[in-house]
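Topology and contacts: notes
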Amino acid sequence: MTALPSQIRARIDYRLAKHTRIHLLPTDSQGNLWIKREDELSAGISGSKLRKYSSLVPFLKDSKVQTVGIIGGPNSNNLVGLIQILRENSIKPLAFIREAADQTVRGNSLFLNMLLSDDEKRIISRDKWDSVLEIAKRETERVASDCHIIEEGAFGMEALWGAMTLAESLLENEGDNSILFEKIYIDSGTGLSAIGLILGLELIDDKRANDREIIITLIAGEESEFLEKLADLRTKLIAENGLTKKSALKLRFLKPVLSPKFGSVNKSLFDCCISIARDEGILMDPTYSVKHYETVRIDLRSSPSKEKALFIFNGSPLGILGFQERLDINP
Ligand SMILES: *Cc1c(COP(=O)(O)O)cnc(C)c1O
């Protein structure tokens, strides 16, 4: 069985959570490292986000909410993506955006300005950011009675169902190419996309759990937080859907080898961004995917093997636009 349980599938809009292809990375002469093109899910929304929205949006429509409070930083891929999909479905966004350290309008902060009118956003000062969830609840309830709050990064059970479709698509790739990926590399911010992959594989491919290792690049957050969220969502998912617990997958965690602090950038990172474009023909966003890519490459180099490995590219090249003047193309 390579499909999620039917009660979960019923909550997902599969026109959003489509199958994506894999291909070999051209620089890998051994033919062992493949990439999954989640970036191809959408031109304007990063791929992993669209999978989350594929169940979040049906949930919002079923709940008939008309206004949704959304939370994120001024460079958030999630805010940019969510607003597009909410508009498409005639749901009104009210965005709570962290005050920017750098006021220059570019990349995602430009897209947020394009997508939101002034009365649809509240800038939250950095010293109040710790209480943003309460502020968002209070303010959204004040402006609309039929409202709902979506947490930062769209973290939550309603988005997890859609995130699990990555596991279905990956198993379809394996079947089509007669491959088993022994190493699967995925990047993590809130962790929900990686947790979706892990729980999806545990549910529908538990027989091969011992043959695989899932390796998580922690772009944001710590291993202990990730494991807590994973355990919590696993318990809830099993209880709410009347499922039985299957064998857990082997996990390993990596810290980014380049500019490890979340949101930080440096020259090596931009040099790497350009090399990836020239060597692999892929435009990758520096914040997540370039850091993930270089971390994976180093991990594979430090323990060379014949095992098949898959790099999950969750990204969207739009993330590059925040850094145009830093990308010195003639170093
Ligand atoms: C949002 C995002 C992530 C992180 O997803 P989480 O589900 O929050 O862990 C990873 N890569 C890219 C490109 C993203 O936009």
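For the structure itself, look to the data block above.
Below is a summary of the structure that appears in this document.

Rules of the game
Residues numbered from 1 in each chain as written. Predicted model: local features only at pLDDT ≥ 70, side-chain atom pairs only at ≥ 80, totals over all residues. Heavy atoms only, no water. Helix = DSSP H or I, 4+ residues; strand = E, 2+ residues; numbered from the N terminus. Buried < 20%, exposed > 50% of the residue type's maximum accessible area, 1.4 Å probe, protein only. Areas by Shrake-Rupley, 256 points an atom, 1.4 Å probe, with all protein chains shown as cover. Phe/Tyr/Trp six-rings, centres within 6.5 Å; stacked < 30°, edge-to-face > 60°. Lys NZ or Arg CZ within 6 Å of the ring centre and 35° of its normal. Near = heavy atom within 4 Å. Polar contact = N/O pair within 3.5 Å; in protein donor to acceptor, adjacent residues only side chain to side chain. Pairing = 2+ DSSP bridges. Axes fitted to C-alpha atoms, helices over the stretch in contact; angles between N-to-C directions. Contact = heavy atoms within 4.5 Å. Right-handed = clockwise from strand over helix to strand, strands pointing away. Parallel < 35°, antiparallel > 145°, perpendicular 65-115°, else oblique. Left-handed = near helix turned anticlockwise from the far one by under 90°. Nonpolar A, V, L, I, M, F, W, Y, C, P; charged D, E, K, R; others polar. Disulfide = S-S within 2.5 Å. Expected span 1.5 Å × (residues − 1). Salt bridge = Lys/Arg side-chain N within 4 Å of Asp/Glu carboxyl O.

**Details of the overall build of the protein chain**
- Each helix and strand in the protein chain was counted, giving 11 helices and 10 strands.
- In terms of overall dimensions, the protein chain has C-alpha extents of about 60 × 55 × 35 Å along its principal axes.
- Out of the 331 residues belonging to the protein chain, those deemed buried represent 56%.
- For the protein chain, the accessible surface area stands at approximately 14,800 Å², while carbon and sulfur atoms represent 50% of it.

**Regarding the packing of aromatic side chains**
- Scanning the model with the defined rule gives 5 aromatic pairs in all.
- Aromatic side chains F270 and F323 sit 5.6 Å apart centroid to centroid with 50 degrees between the ring planes, which places their arrangement in the tilted category. Of this pair, F270 sits in helix α10 (residues 267-280) while F323 sits in the segment after β10 (309-313); the two residues are 53 residues apart in sequence, bridging distant segments of the chain.
- Across the ring face of W161, the terminal group of R11 is positioned such that the distance to the ring centre comes to 4.4 Å.
- Above the face of the Y288 ring, K49 is positioned so that its terminal group lies 5.7 Å from the ring centre.

**Remarks on the site of the ligand**
- If you check the shell around the ligand, you find 16 residues, and the closest are K49, K52, G189, T190 and S193.
- The side chain of K49 places a nitrogen or oxygen atom 2.8 Å from an oxygen atom of the ligand.
- For the ligand, the protein covers 98% of the area, taking 380 Å² as the surface of the free molecule.
- For the shell around the ligand, the elements supplying multiple residues, two or more each, are α2 (47-63), β7 (183-188) and α8 (192-204).

**Focus: the sheet that holds strand β1 (residues 22-24)**
- One open sheet accounts for 6 strands, arranged β1-β2-β10-β7-β8-β9; its pairing is mixed. Of all the strands in the sheet, just β1 and β9 (250-254) have a single pairing partner and so form its edges. Neighbour-to-neighbour, the strand axes of the sheet open up by a mean angle of 25 degrees, direction not taken into account.
- Alignment of β7 against strand β8 (residues 213-218), held across 6 bridges, turns out to be parallel. Opposite I184, over in β8, you have I214 as the bridge partner.
- Contacting β7, β8, β9 and β10, α8 runs over the sheet at an angle of about 145 degrees to β7.

**Re the pairing of strand β5 (residues 121-124)**
- Direction of pairing for strand β4 (residues 92-98) relative to β5: parallel, over a ladder of 4 bridges. Counted as the bridge partner of R98 is I124 from β5.
- Where the polypeptide runs from β4 across helix α4 (residues 108-115) and back to β5, its parallel neighbour, the crossover connection is right-handed.

**Focus: the packing of helix α7 (residues 165-177) against α8**
- Close contact between α7 and α8 brings their axes to 7 Å; oriented N to C, the two are set at 60 degrees. The angle between α7 and α8 falls in the class oblique. Crossing angle aside, the handedness with which α7 passes α8 is right-handed. Residues L166, A167, E168, L170 and L171 of α7 lie in contact with α8, whose contacting residues are L197, G200, L201 and I204.
- A breakdown of the residues in the contact of α7 with α8 according to their chemical character gives 7 nonpolar, 1 polar and 1 charged.

**Remarks on the state of the cysteines**
- Applying the stated criterion across every chain yields a total of 0 disulfides.
- Of the cysteine sulfurs around C273, a residue in no disulfide, the closest is that of C272, at 7.7 Å.
- A relative accessible area of 6% places C273 in the buried class.

**Some remarks on α2**
- Here α2 is 17 residues long and its end C-alpha atoms lie 25 Å apart, about the 24 Å a rise of 1.5 Å per residue gives.
- Extensive coverage of α2 is indicated by the burial of 13 of its 17 residues.
- Remark: K64 follows α2 within two positions and exhibits a positive phi of approximately 55 degrees.

**Section: unusual backbone geometry**
- Backbone geometry at K64 places phi at a positive 55 degrees, although glycine is not the residue there.
- Assignment of secondary structure puts K64 in the loop between α2 and β3 (67-72).

**Here's the deal with the pattern of salt bridges**
- On inspection of all chains with the given rule, the structure shows 26 salt bridges.
- The closest approach of N and O atoms between R37 and E40, which form a salt bridge, is 4.0 Å.
- For E40, a relative accessible area of 41% translates into the label partly exposed.
- Two residues, D271 and K267, come together in a salt bridge whose shortest N-O distance is 2.9 Å. Taken together, the residues span about one helical turn, with D271 and K267 both in helix α10 at a distance of 4 residues.
- Among the residues examined, K267 registers a relative accessible area of 53% and is labelled exposed.
- Through salt bridges with shared partners, a single ionic network connects R21, R37, D39 and E40.

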